[in-house]
Amino acid sequence: MTLLPASFYQHNDVVRIARELLGKHIIVHAEGYSTGAIIVETEAYKGPEDKACHAYNNKYTERTKTMFLPGGYTYVYLCYGIHRLFNVVTGDEGCPHAVLIRAVEPIKGIEIMQTRRGFSAVKPALTAGPGRWTQAMGIDLHHNSILCYEHNSPITIKDAHVKINKSSILASPRVGINYAEEWIDVPWRFRLATSNWTSK
DNA sequence: CACGGGATCGTCT
DNA sequence: GACGATCCCGTGT
């Protein structure tokens, strides 16, 4: 496996990156444990024009400033006061694009994932859902604004060099953005049809 | 299985 | 002071 390079993230086609992240591996070191998983579901967010994006209209705040960093940085934020949602920033510096990772398939450290989630069984609910997999892998707000293409980073994304057929990628509208008007139905949610580990 | 509401807190107005 | 890129559990069928 090889680290995805900066050039993977630092261009302006966030939708392509959202598709290309499917099948890649994410590795997290947290609380003294290492966990690894395959990315099976993503969503693209394309500020400034995308009304579903936190950085719509170049909105720049203490929270959203992370999205203006160069591609390859993490963007982690708290949702509904409870869940931590994880994105990878894409595009060049100043271009607020990001890909939300919504579901993963566990590969390594499954036992600690079960412990963190309170699951005795291994089943899709362990990591299928944007707030679920981050809990399973120990991601919290301290993981905001860190680079994921450096070897010593606590969060890295790697290429397992597995070919993903275009026909195995399902595209559908994004979830939970009913305020986003003409952007509601844009099919920028991507899932691997071959995986049982995607969200409902 | 579908639906509805409560949890819980950082962020922005 | 209101509200979320969600989840979980309880209820009813």
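The structure under discussion appears in the preceding block.
Residues numbered from 1 in each chain as written. Chains lettered and ligands numbered in written order. Predicted model: local features only at pLDDT ≥ 70, side-chain atom pairs only at ≥ 80, totals over all residues. Heavy atoms only, no water.

Caption draft 1: Geometry of the protein's contact with DNA strand B. In the vicinity of DNA strand B, the contacting residues are Lys59, Thr61, Glu62, Arg63, Leu78, Tyr80, Gly81 and Ile82. Each atom of DNA strand B within 4 Å of the protein was assigned to sugar, phosphate or base; sugar and phosphate come to 73%. Between DNA strand B and the protein, one listed contact pairs a base oxygen with a backbone N or O atom of Tyr80 at 2.4 Å. Interatomic distance of 3.5 Å between a backbone N/O atom of Gly81 and a sugar or linking oxygen of DNA strand B. For the surface near DNA strand B, the residue count by class is three nonpolar, two polar and three charged. (Near = heavy atom within 4 Å. Polar contact = N/O pair within 3.5 Å; in protein donor to acceptor, adjacent residues only side chain to side chain. Nonpolar A, V, L, I, M, F, W, Y, C, P; charged D, E, K, R; others polar.)

Caption draft 2: Here's a closer look at helix α3 (residues 110-117). When α3 is considered as a whole, its buried residues turn out to be Ile112, Met113, Gln114, Arg116 and Arg117. Those residues of α3 hidden inside the fold are in contact with β2 (25-30), β3 (33-46), β6 (97-108) and α4 (130-136). Directly after α3, the chain includes Gly118, whose backbone phi takes a positive value near 75 degrees. (Buried < 20%, exposed > 50% of the residue type's maximum accessible area, 1.4 Å probe, protein only. Helix = DSSP H or I, 4+ residues; strand = E, 2+ residues; numbered from the N terminus. Contact = heavy atoms within 4.5 Å.)

Caption draft 3: Structural view of the protein's contact with DNA strand C. Around DNA strand C, the surrounding shell holds 22 residues, and the nearest of these are Tyr80, His83, Asn87, Arg132 and Tyr179. Counted by atom, the contact set of DNA strand C within 4 Å of the protein is 50% sugar and phosphate. Take Tyr77: an N or O atom from its side chain is 3.4 Å from a base nitrogen of DNA strand C. When residues of the surface near DNA strand C are traced back to their parent elements, those giving at least two are β4 (74-79), β5 (83-90), β6 and α4.

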